Amino acid sequence: MVKHIVMFRFFDEISAEERQVKAQEIKEKTEALKEQIEGVVQLQVFIAPVGTSTHSFMLEGLFESAETLSRYQVHPAHLAVGAIIKEVAGERACFDYEV
């Protein structure tokens, strides 16, 4: 199994109201990918960071294998969610590891 953790930071010019709306949309659409892409064991998006956080929202995913993660990353449904994220968030940090 492979754990996939990705954190994003909203662009500064995104208003607080838009951040809430977009974060909820990203959460719902990302978590729905579990049912759309084979080999995804778990997907969860966290959208309420505490004040000490350096990023705006985080994805935590669990995949059957590195190959499954690779297929997920190029799947059209995942790319569609990625396009939404790219509209509102810039900085991205990723960490993948075997569990």
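Rules behind the numbers
Residues numbered from 1 in each chain as written. Predicted model: local features only at pLDDT ≥ 70, side-chain atom pairs only at ≥ 80, totals over all residues. Heavy atoms only, no water. Pairing = 2+ DSSP bridges. Helix = DSSP H or I, 4+ residues; strand = E, 2+ residues; numbered from the N terminus. Axes fitted to C-alpha atoms, helices over the stretch in contact; angles between N-to-C directions. Contact = heavy atoms within 4.5 Å. Buried < 20%, exposed > 50% of the residue type's maximum accessible area, 1.4 Å probe, protein only. Polar contact = N/O pair within 3.5 Å; in protein donor to acceptor, adjacent residues only side chain to side chain. Parallel < 35°, antiparallel > 145°, perpendicular 65-115°, else oblique. Left-handed = near helix turned anticlockwise from the far one by under 90°. Nonpolar A, V, L, I, M, F, W, Y, C, P; charged D, E, K, R; others polar. Arc of directions from axis to C-beta. Expected span 1.5 Å × (residues − 1).

### Overview of the sheet that holds strand β1 (residues 2-10)
If you walk across this open sheet you meet the four strands as β2-β3-β1-β4, and the pairing is antiparallel. Single-partner strands in this sheet number two, and they are β2 (40-46) and β4 (89-98). Here the average twist between neighbouring strands, direction ignored, is 15°. With seven bridges connecting them, β1 and strand β3 (residues 57-63) associate as antiparallel partners. Of the residues in β3, the one forming a bridge with M7 is M58. On top of the sheet, helix α2 (residues 66-74) reaches β1, β2, β3 and β4; it is set at about 35° to β1, its chief contact. Against the sheet, helix α3 (residues 76-88) contacts β1, β3 and β4, and its axis sits at roughly 135° relative to β4.

### Regarding the side chain of T30
Mapped onto the elements, T30 comes out in helix α1 (residues 16-36). By relative accessible area, which is 4% here, T30 ends up buried. Side-chain polar atoms of T30 contact the backbone oxygen of I26, separated by 2.7 Å. Filtering out sequence-adjacent residues up to four positions away, T30 remains in contact with L43, V45, L59 and V81.

### Describing the packing of α1 against α3
Running from N to C, α1 and α3 cross one another at 165°; their axes reach a closest spacing of 10 Å. As summarised for this structure, α1 and α3 are arranged roughly antiparallel, according to the angle between their axes. The two elements α1 and α3 cross, and the hand of that crossing is left-handed. Packed against α1, whose contacting residues are E18, K22, E25, I26, K29, T30, L33 and Q36, the element α3 presents A77, H78, V81, I84, I85, E87 and V88 at the interface. A per-class count over the contact of α1 with α3 returns seven nonpolar, three polar and five charged.

### Considerations on α2
For α2, the full list of buried residues reads T68, L69 and Y72. Down the axis of α2, the sector holding all buried residues measures 100°, keeping them to one side. For α2, the exposed residues set more than 90 degrees away from the buried face come down to E67 and V74. Buried residues belonging to α2 abut β1, α1, β2, β3, α3 and β4.

### Side note on α1
The end-to-end C-alpha distance of α1, which contains 21 residues, comes to 30 Å, matching closely the 30 Å that a straight helix rising 1.5 Å per residue would cover. Residues K22, A23, I26, T30 and L33 constitute the buried set of α1. Along the axis of α1, the buried positions cluster into a sector of 110°, meaning they face one direction only. The outward face of α1, more than 90 degrees from its buried face, is lined by the exposed residues E17, Q20, V21 and E35.

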